[in-house]
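Summary of structural features
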Amino acid sequence: MSQSNIGRRSFLKLAALGAGATTAFGSNDTLRFATEAELKDPFPGSVMKRTICSICSAGCGILAEVDESSNTWIRQDWAADAPMNQGSHCCKGIDQIDLTKSKMRLKYPLKKVNGKWERISWETAVEEIGNKMLEVRAEDGPDSVEFLGSAKFSNQQAYYFRKFAAFWGTNNIDHVARI
Ligand code: SF4
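Residues numbered from 1 in each chain as written. Predicted model: local features only at pLDDT ≥ 70, side-chain atom pairs only at ≥ 80, totals over all residues. Heavy atoms only, no water.

The condition is simple: UniProt positions are given in the numbering used here, feature names are shortened, and annotations may be inferred rather than shown by experiment.
Within an unreviewed UniProt entry, the label attached to the chain reads Molybdopterin-dependent oxidoreductase, and the organism entered is Campylobacter corcagiensis. Turning to the chain, the UniProt annotation filed under Cofactor (unreviewed entry) states: "[4Fe-4S] cluster".

**Quick notes on the pattern of salt bridges**
Test applied: Throughout this description, the term salt bridge denotes a Lys or Arg side-chain nitrogen within 4 Å of a carboxyl oxygen of Asp or Glu. A run of H or I in DSSP counts as a helix once it spans at least four residues, and a run of E counts as a strand once it spans at least two, with each numbered from the N terminus. Burial classes: relative accessible area under 20% of the type maximum marks a residue as buried, over 50% as exposed, and values in between as partly exposed (1.4 Å probe, protein chains only).
Inspection of every chain in the model, using the stated rule, returns six salt bridges. In this structure, Asp 81 and Arg 50 form a salt bridge, with 2.9 Å as the shortest nitrogen-oxygen distance. Separated by 31 residues along the polypeptide, Asp 81 in the loop between strand S3 (72-78) and helix H3 (98-101) and Arg 50 in strand S1 (residues 47-52) bring together distant segments of the chain. Both residues of the pair, Asp 81 and Arg 50, count as exposed. Between Glu 128 and Lys 111 there is a salt bridge, with the nearest N and O atoms lying 2.8 Å from each other. Residue Glu 128 is located in helix H4 (residues 122-140), and its partner Lys 111 is located in strand S4 (residues 110-113); the two are separated by 17 residues in the primary sequence.

**Considering the side chain of His 89**
Threshold: As used in this structure description, the phrase polar contact means that two N or O atoms lie within 3.5 Å; if the pair is within protein, one of them must be able to donate a hydrogen and the other to accept it, and residues adjacent in sequence are counted only when both atoms belong to side chains.
Residue position: His 89 is located in the loop between S3 and H3. His 89 sits in the buried class, given a relative accessible area of 13%. Within polar-contact distance, the side chain of His 89 engages the backbone oxygen of Gly 61 at 3.4 Å.

**Structural notes on unusual backbone geometry**
Notably, Asn 71 is not glycine yet its phi reads approximately 55 degrees, a positive angle. Note that Asn 71 resides in the loop between strand S2 (61-67) and S3. Taking the relative accessible area as the measure of exposure, Asn 71 reaches 70% and is therefore exposed.

**Points about the site of the ligand**
Applied cut-off: We define proximity as follows: a residue is near a molecule or strand when any one of its heavy atoms falls within 4 Å of that partner. For this classification, the nonpolar set comprises Ala, Val, Leu, Ile, Met, Phe, Trp, Tyr, Cys and Pro, the charged set comprises Asp, Glu, Lys and Arg, and every other residue, Gly included, is treated as polar.
Taken together, the neighbourhood of the ligand is formed by Cys 53, Ile 55, Cys 56, Ala 58, Gly 59, Cys 60, His 89, Cys 90 and Gly 93. Residues of the shell around the ligand, tallied by class, amount to six nonpolar, three polar and no charged.

**Some thoughts on the side chain of Thr 170**
Basically, it comes down to this: Contacts are assigned to residue pairs that have any heavy atoms within 4.5 Å of one another.
Of note, Thr 170 is situated in the loop between helix H5 (155-168) and strand S7 (173-175). For Thr 170, a relative accessible area of 3% puts it in the buried group. Of the polar contacts made by the side chain of Thr 170, one reaches the backbone nitrogen of Asn 172; its length is 2.9 Å. Apart from residues lying up to four places away in sequence, Thr 170 is in contact with Pro 142, Asp 143, Val 145, Phe 147, Arg 162 and Ala 165.

Set out below in structure tokens:
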């Protein structure tokens, strides 16, 4: 889009945006029209990689656009020819890129101490959760706990999870997809 062929309404909108940005950033230099070349190819040098959505075991195909110079996943599209999804994604898979880019992504265990989240080690997390589970079982029995499996589980992981619940002593086990 060049500056000359935008409509009056669009121009007024852009002017308003420009004024807002001037207030926010203190200079109109922060806003400019994208060049024709940038519109055609916003991420020069990026490459498309085929990958698979890891949210559930359906394994729908994803096209991931990657900037190799910064090793960054930039955009995602569905793989139209993937046999599982045949050109579509569910609402979770369509935003798979956020699993790697989101600032909300949980990367390590956190524990709430006096109302504030504190980082703890994996060893501490496993130890504390395990001890708490044993405490609950001693007080209220094995059926006081429910095991809820993940849609990410492979067959083998589902098998181990089922075994874990059985050894724990309960049949309270289900799968997140049923919910
Ligand atoms: S979460 Fe959705 S997009 Fe991802 S594999 Fe499962 S069905 Fe496909």
